Every structure is written in C-alpha cells, then in structure tokens.
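Structural characterization, general
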Amino acid sequence: MLLLYSAAGFSQTDTNRTVSLRIGFDVSRLSLYYFQPERKALEFSGDMELYKNVYPAIEIGWNNIALKKDSLYNYYSNGLYSRIGVDYNFLKPESINDNEMFIMGIRYGFSLFNNLANSIRIKDNYWGNFNGDISRKSLSAHWVEFVAGFRTELFKNFYLGWTLRGRMLLAKTKDNETGPYWIPGFGKGSAKSAVGFNYSIFYSIPLYKMKHK
Amino acid sequence: MKLKIFLLLIILIPLLFSCKESPCDLKTSSLLQIGFYTLKDKKVIPAIDSVVNIYGVGEEGKSLYTNENIATAVFTLSQNQDMCSFIINSNDTIDTLTFHYTRQLKMISKECGFATIFNINSVNFSKNKFDSISIIDPVVNTSYEENIRIFF
C-alpha cells in the first residue's frame, strides 16, 4: 500500500497539489460509550485546503446523556451541536502531496439541546427531604474554541489524527434553574471553560488540483 | 517524519481510558450563615456574650442550637417552601426571624446530585433583643459565607 502510494506520488518539481474534501469520524466518542455507557455521542467533521495551508473546517455532532444515581436524581441532556472555523497547517510538506499536519485553529461552536431531571432528592434532616423535578426545556449555548493537533495520512486518502481543544463559553440560555449540567459539544455547563479531545479517522475525496508554492 | 507523527498519535490512546468514577466529595447542603454583632464603644464587635437557643417554627422539638455561646450560627432553610421562620431565644428574650427567598436547583456533580441555591429577598424580625439586620450576601449556597448580620 505504501509502495503504491509512493509510485502514485508526484515528483518534487510538480507544484499542483491535490485538494480533497476530508471527512472525519471521531472514534474517541465510541470508546467513550464503552467506558461511560451513560454518554452516547457521535461526531463528524469536514475540512478542505481552500488556500495554501488554510483549512476551513466544520464539525457536527450529537450528544445524549442519561445520568442516574439511585435515590439522588435522573438527569437527561440531548442535543446537536456544530463548530465552524478554520485550521492552519504549520508543517512544511516534504513533497508536494505530503500530508503531515500540525494544525492550530479556531472554532465558533453552538448547541441546541434540551435537558430535564426527575426524581431529584436532596437530603434535609431538619425540615424534611426535598423531592422534585426540572421539566424539559429547550436550551442553547455558544462558545469559542481553540484547536491544536496532529494529523497524518496513513494510507492513500486515509488519515488519522487527534486534536486538543480549549473552549470558552460565550453565552447560554438563562432559565429558572442554574443549569444546564451538560452542554453537547462543550462540556459541563456550570463552567466558563472546558477542555476537549478528538481522535478521528478520515477519508479524503480528491477534488481538484491547485498551485502550492 | 511519518513515523514520528504516527507515534505521537499512538501515545494519546491511554488518555481515552483515563475517566474514572469518584465518590461524592462536594457539599450539597446550602446553609445560611448569620453573624451576631453588638455595638461597644462605637465599634461593631461580635456578640459572644449571649447564650442562645435556636429552633425552627413548627420544629419545636428539634433545636439547631441549645444553650450555646456563639457569635455565628448556621441555619438550614426549608427547601419545600419559599419562606421559613426561626425562634432565637437569647438569655430568655425571644425573637422571631422569618426569611423570604426564591429557590433554584443546581446540579453539583454527577456523583453528588443536586443542591438548592437560595436567594434571600427579605428578612422579617421582631425587635425584642434584635436592633437591626443587614443582608451581606443574599445568595445562600454550598460555600458557607456570612449572609446576614444581626445587631443586638
């Protein structure tokens, strides 16, 4: 496979670089489900080198959380999110179609979701325990996100890569309660900032060639 | 180069498996804290010379404090209604304190569940021994800071 890749490679003098639409699937969400079955999540991404080293990027995801603690609460959060932004590749390609990347980027993220809680119980030995619910509400949140990570082409058109993310909440729906506990695509709703991580596999669809000097 | 990056990719895999469940180590009871003060030589000083009995109205059998010499007291507010009253018996002089508040539920953590956060709107009080009251911080949460000052 690697031989094939070399044979199909371009010579050093070729300045036409293949521009591809790269579709990614975050496999870390699957392992998350294995270790934290109360969290179900899917995330897809797309990016493309529109200008030299500049990759506009989009991520779309879904998150469903069902947290249960016997005699304390049941909490549910379900929703969609998207992040739109751009990555910049700082690694100089060794040949014209070399696809090693160290990327840094920025995203604007937003999430539309709903959350509810029931069977909430708070212990109080003096006045008596509290039992209550939080009814289902539609909520939204948006944030900015800084991205850094590596990506490499393992086989022709197949990539593997990871990114670390730092998120800063811009705003969330104000409601009567102090929640939400969980914002899909962001993290804990009580925090102003959050860190994230992606580990994705990608397939890139070659589209056209561009000058890359 | 390719190998280097590939190794960098592999190194991160253990990170995926590092999430562990921990026991609840956070407070879930919101307590109202009151400081008792008195004026002495035109200075506000903590009132430590009064012996108090404190209990909730309707909960006469359950004292929060019994014959105690205290300058600060913590109160549990009722989470099932938007007001509650306490009797404060200080050296056999009885005063009544009534708190009016709004309540919010906050999820403290996955392990600990929820807590009620109170926002004190007003305090009604009798003036047998009490002189005046000031609300320092109307938000009663799990961080236990002085909320109200009572001046004798």
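Everything here concerns the structure above.
As a starting point, this report considers the structure included with it. (Residues numbered from 1 in each chain as written. Chains lettered and ligands numbered in written order. Predicted model: local features only at pLDDT ≥ 70, side-chain atom pairs only at ≥ 80, totals over all residues.)

Concerning the overall build of chain A
What chain A contains, in helices and strands, is two helices and 10 strands. Starting at the N terminus and walking to the C terminus, you meet the elements of chain A as α-β-α-β-β-β-β-β-β-β-β-β. The globule rule puts the C-alpha radius of gyration for 213 residues at 17 Å, and the 22 Å found for chain A is more than 25% above it. Once the C-alpha set of chain A is aligned to its principal axes, its extents read approximately 80 × 30 × 20 Å. Long-range contacts, defined here as pairs at least 24 residues apart, represent 64% of the contacts in chain A between residues at least 6 apart. (Helix = DSSP H or I, 4+ residues; strand = E, 2+ residues; numbered from the N terminus. Rg over C-alpha atoms; globule rule 2.2 N^0.38 Å. Contact = placed C-beta atoms within 7 Å.)

Notes on the sheet that holds strand β10 (residues 139-140) of chain B
Strand order in this open sheet of six strands is β4-β3-β6-β7-β8-β10 (chain B), and the pairing throughout is antiparallel. Each of the sheet's edge strands pairs with one partner strand only, and the pair in question is β4 (63-69) and β10 of chain B. (Pairing = 2+ DSSP bridges.)

Focus on the pairing of strand β10 (residues 193-211) of chain A
Bridge count between strand β1 (residues 16-26) of chain A and β10(A): 11 bridges; the pairing is antiparallel. Within the sheet, the bridge partner assigned to A:N16 lies in β10(A) and is A:K211.

A short note on the nonpolar core
Counting residues in hydrophobic clusters, the biggest one holds 21 residues, and the most contacted among them are A:Y73, A:Y75, A:A141, A:I183, A:F186 and B:F114. For this core, the secondary-structure elements that each account for two or more residues are β3 (54-69), β4 (73-89), β5 (100-122), β6 (130-155) and β8 (182-183) of chain A together with β7 (93-109) and β8 (113-125) of chain B. At four residues, β6(A) tops the list of elements feeding residues into this core. When near neighbours in sequence (up to four residues on either side) are disregarded, A:Y73 contacts A:A117, A:S119, A:I120, A:R121, B:G113 and B:F114. Formed by 19 residues, the second largest nonpolar core is a distinct cluster that contains B:V52, B:I54, B:L77 and B:Y101. (Core = buried A, V, L, I, M, F, W, Y, C linked by C-beta atoms within 7 Å. Buried ≥ 20, exposed ≤ 12 C-beta atoms within 10 Å, placed from the backbone.)

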